[in-house]
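Read off the chains here:
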Amino acid sequence: MSARVREAWARRQAEGGRALIPFVTAGFPRRSATIEILRTAEDMGCDLIELGVPFSDPLADGPAIQHTSQAALSRGVTLPWIFSCVAKARRHVDVPIVLMGYYNPFYSYGLERFCRDAAAAGVDGLIVPDLPPDESADLKRAAGAYDLSLVFLIAPTTTDARVRAVARASTDFCYCVSVTGVTGARRAFASHTDSYLRRVRRLIQKPVVVGFGVSTPAHVRRLGRWADGVVVGSALVPVMEKAGSNRGLARGLRRFLKPLVQAAHGL
Amino acid sequence: MQSLRVNRRGRYGDYGGRYVPETLIPALDELEAAFRSLRRDRGFRRELQGVLHDYAGRPTPISHAPRFSERAGVDVWLKREDLLHTGAHKLNNTLGQVLLAMRMGKRRIIAETGAGQHGLATATVAARFGLECVIYMGAEDIRRQALNVYKRQRLGAQVRPGHSGTRTLKDATNEALRDWVTHVESTFYIIGSVVGPHPYPEIVRVFQSVIGREARQQFRKAVGRHPGSVVACVGGGSNAIGIFDAFIGDTRIDLIGVEAAGRGLNSGAHAATLVRGRPCVLHGSYSYLLQTPEGQVAEAHSVSAGLDYPGVGPAHSALRDTRRVTYAAVTDREALKAFHSLTETEGIIPALETSHALAYLLKHRTRVNSPVLVCLSGRGDKDIDIIREVA
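Residues numbered from 1 in each chain as written. Chains lettered and ligands numbered in written order. Predicted model: local features only at pLDDT ≥ 70, side-chain atom pairs only at ≥ 80, totals over all residues. Heavy atoms only, no water.

**Student:** Would you mind going over the pattern of salt bridges in detail, with residue names and values included?
**Tutor:** This model, assessed by the stated rule, comprises 43 salt bridges over all chains. Arginine 108 of chain B is paired through a salt bridge with glutamate 132 of chain B; the nearest N and O atoms lie 3.6 Å apart. With arginine 108 of chain B in strand E5 (residues 108–113) and glutamate 132 of chain B in strand E6 (residues 132–138), this pair connects stretches of sequence that are 24 residues apart. For arginine 108 of chain B, a relative accessible area of 10% corresponds to the buried category. The network of salt bridges with common partners includes Arg4, Arg90, Asp94 and Asp124 of chain A. (Salt bridge = Lys/Arg side-chain N within 4 Å of Asp/Glu carboxyl O. Helix = DSSP H or I, 4+ residues; strand = E, 2+ residues; numbered from the N terminus. Buried < 20%, exposed > 50% of the residue type's maximum accessible area, 1.4 Å probe, protein only.)

Have a look at this one:
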């Protein structure tokens, strides 16, 4: 339900600070870990979770997320499995869950059926990195019918007119890609990142999250100045992969997320 | 469909479109605008015609194949794209796109390649015009096409292996798209087939349509009539679109596209996208695709690296649905047999890709109307190691 997403934004606005949003690929590092990861993220105060749907050809992703995607596929992660996993997780967690995945598996599942099953499982929204608003009429209709947020992306190359159009097309929030490039941890952001984010901020009223390349509390503070939320994805991969057990994984994740959440909420 | 034209939404019928990350949309808009104005620009056209003639060696001839005709049981004529500089039709497109790149002020060129012919053609034009060049190639294809890799390096191009996925053309295309997303402002991506997001399929169609334009006239002059059937191999489908384009409007002429059936259509190891796939989205466009029931892109297989691709150009998808073109598939073995057959009877060594088109004639002589025009899309020197391996 997109209502859960809107509540999360309202809460963040009331409490101040920025949202911290982890991205994790469903079924990575193993299928049994996903529910534990969702619970841990909620416990740590994460405001929303992006759950990655693995795809064979993730062309907007760098090596880390490509690797998680391949690993999840080889462990038999499919949309039906993800839906059952989210449905089970919903007994314990109330944090909004937004699926992030490439268009083809969704299209192939049948867009109407996909949105119905996602909403029934307790998914709150969708981000589809290879689906610009221009091609989204069918998914928009289906997502609207099942009250799922549909979030489009803005890039540094996006013109002002398109930024406004992307914002109009997006429900509940927009996703700002921090750099021209694929996902993956970066050491530093260029100075023009700030002017780009400032430009986007000025152009749209809806909440904006920023992602790609974020790995440290300093990054969160830097990009969080211009956004309502910050996404951390690739940087979590080694943290999750290192742990042998799900309990160890939760411990490592807590340790890693804590300063990031503090940085975001403290802004 | 009586003509092969893209509509205003960047589609051929339902197929095509732009399914790419937002970062690339402005670059595609810019490319579309540049292409639209330059294709009518006299200076640009003259320059392209000039390099096609003086540098690439156009027009390529058509050759009668009397001894092969005897074996096939139909009268066969060959459009000799194997005689084009670098040995395949790919140069028609790379010359066009590199001139576009220069007019747009881009000094860095990237490309994907399967068989290596498009990589070679891209490295060649980058050397000719003094541009930086990076070629992505699947690690498996690098192994299969070592000679082309070496040639490209001598031409000054950097060859980067794609290690992800099946390590073939599909994965090289993913890597090239990732590079483009990262360096979009300085870089021109020369796509090698009639695939990818709009306007690429249309750009490649326009630059390859010189094949059919020449062939139609040459055939008329040499034979005194039009061909009964026109046959071409289809991977992504650029040589086929190139030759079909001139004949689409004349429905008395059969058009036949031949895909790779690999180890057999029921073996699960083939690349017969139009024969066995379903419409879906890969590499920026909506088109037929080989995929799993879950919508993951399936592994393709063909002995020919250039056909080893699970997708196909959106124009072909539209032509399949309207049945203007008949699509069929022949196996690795049948293609290899045709390879030897043409080599022995005509002294022309065809590419393994092209051998699929020839194999169709040997297999289905009753399904074609004589005289037949075949697009001899490339020469087979690059495939000699593979032939020796399987022989």
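There's more to say after this.
**Student:** So what about the pairing of strand E11 (residues 278–282) of chain B? Which residues, and what values?
**Tutor:** All names here are of chain B. As judged from the 5 bridges shared by E11 and strand E12 (residues 284–289), these two strands associate in the antiparallel manner. The partner of leucine 282 across the bridge, within E12, is serine 285. Turn length for the E11-E12 hairpin, with the two strands adjacent in sequence and antiparallel, is 1 residue, and the turn residue histidine 283 shows positive phi of about 50°. (Pairing = 2+ DSSP bridges.)

**Student:** Lay out the packing of helix H4 (residues 90–103) of chain B against helix H5 (residues 117–129) of chain B in plain terms, naming residues and giving numbers.
**Tutor:** Residue and element names in this part refer to chain B. With their axes 9 Å apart at the nearest point, H4 and H5 run at an angle of 40° to one another. It follows that H4 is oblique to H5 by the angle criterion. Note that H4 runs across H5; the crossing there is right-handed. Of H5, the residues touching H4 (which contributes Lys90, Leu91, Asn93, Thr94, Leu95, Val98, Leu99 and Met102) are Gln117, His118, Ala121, Thr122, Thr124, Val125 and Phe129. Among the residues forming the contact of H4 with H5, the class breakdown is 8 nonpolar, 6 polar and 1 charged. (Axes fitted to C-alpha atoms, helices over the stretch in contact; angles between N-to-C directions. Parallel < 35°, antiparallel > 145°, perpendicular 65-115°, else oblique. Left-handed = near helix turned anticlockwise from the far one by under 90°. Contact = heavy atoms within 4.5 Å. Nonpolar A, V, L, I, M, F, W, Y, C, P; charged D, E, K, R; others polar.)

**Student:** Could you give an account of helix H14 (residues 332–346) of chain B, with specific residues and numbers?
**Tutor:** Residue and element names in this part refer to chain B. Taking 1.5 Å of rise per residue, the 15 residues of H14 would be expected to cover 21 Å, and the 21 Å separating its terminal C-alpha atoms lies within 8% of that figure. Taken together, the buried positions of H14 are Asp332, Ala335, Leu336, Ala338, Phe339, Ser341, Leu342, Thr345 and Glu346. Where H14 ends, the next residue or the one after it, glycine 347, has phi of about 65°, a positive value. (Expected span 1.5 Å × (residues − 1).)

**Student:** Explain the interface of chain A and chain B to me, and be specific about the residues and the numbers.
**Tutor:** Every contact between the two is made by 32 residues of chain A and, on the other side, 35 residues of chain B. Note on chain A versus chain B: buried area summed over both sides is about 2600 Å², and carbon and sulfur give 52% of it. Counting the surface chain A buries against chain B, the share from its top three residues, Asp57, Leu59 and Glu135 of chain A, is 23%. Seen at the junction of chain A and chain B, the total is 3 salt bridges. Across the pair glutamate 135 of chain A and arginine 11 of chain B runs a salt bridge whose closest N-O atoms are separated by 2.6 Å. (Buried area = accessible area lost by both parts, 1.4 Å probe.)

**Student:** Describe in detail the pairing of E6 of chain B, supporting the description with residues and values.
**Tutor:** Residue and element names in this part refer to chain B. Counted residue by residue, E6 has 6 buried out of 7 residues, so it is predominantly covered. In this sheet, E6 lies alongside E5 in parallel orientation, the contact comprising 6 bridges. Of the residues in E6, the one forming a bridge with alanine 111 is isoleucine 135. Since E5 and E6 lie parallel, the crossover through H5 that links them has a hand, and here it is right-handed. Inspection of the sheet shows E6 paired to strand E7 (residues 158–162) by 5 bridges, in the parallel sense. Looking at E7, one finds that tyrosine 136 is bridged to arginine 160. (Right-handed = clockwise from strand over helix to strand, strands pointing away.)

**Student:** Describe in detail the packing of helix H8 (residues 160–169) of chain A against helix H9 (residues 192–203) of chain A, supporting the description with residues and values.
**Tutor:** Residue and element names in this part refer to chain A. Two elements in contact, H8 and H9, have axes whose closest approach is 10 Å; the angle formed by their N-to-C orientations is 55°. The orientation of H8 with respect to H9, classified from their angle, is oblique. For H8 against H9, the interelement crossing comes out right-handed. Counted together, Asp160, Val163 and Arg164 of H8 and Arg199, Val200 and Leu203 of H9 form the full contact between these two elements. For the contact of H8 with H9, the class distribution of residues is 3 nonpolar, no polar and 3 charged.

**Student:** Tell me about a positive patch on the surface, residues and numbers included.
**Tutor:** Residue and element names in this part refer to chain B. Taken together, the side chains of Arg39, Arg40, Arg42, Arg45, Arg46 and Arg213 present a region of like positive charge at the surface. Element by element, the count of residues in the positive patch is highest for helix H2 (residues 42–56), at 3 residues. Positionally, arginine 39 belongs in the loop between helix H1 (25–38) and H2. The exposure class assigned to arginine 39 is partly exposed, which follows from its relative accessible area of 32%. (Patch = residues over 30% accessible without salt bridge, like charges linked within 9 Å, V, L, I, M, F, W, Y side chains within 5 Å. Areas by Shrake-Rupley, 256 points an atom, 1.4 Å probe, with all protein chains shown as cover. Lys, Arg positive; Asp, Glu negative; His and termini not counted. Charge placed at Lys NZ, Arg CZ, Asp CG, Glu CD.)

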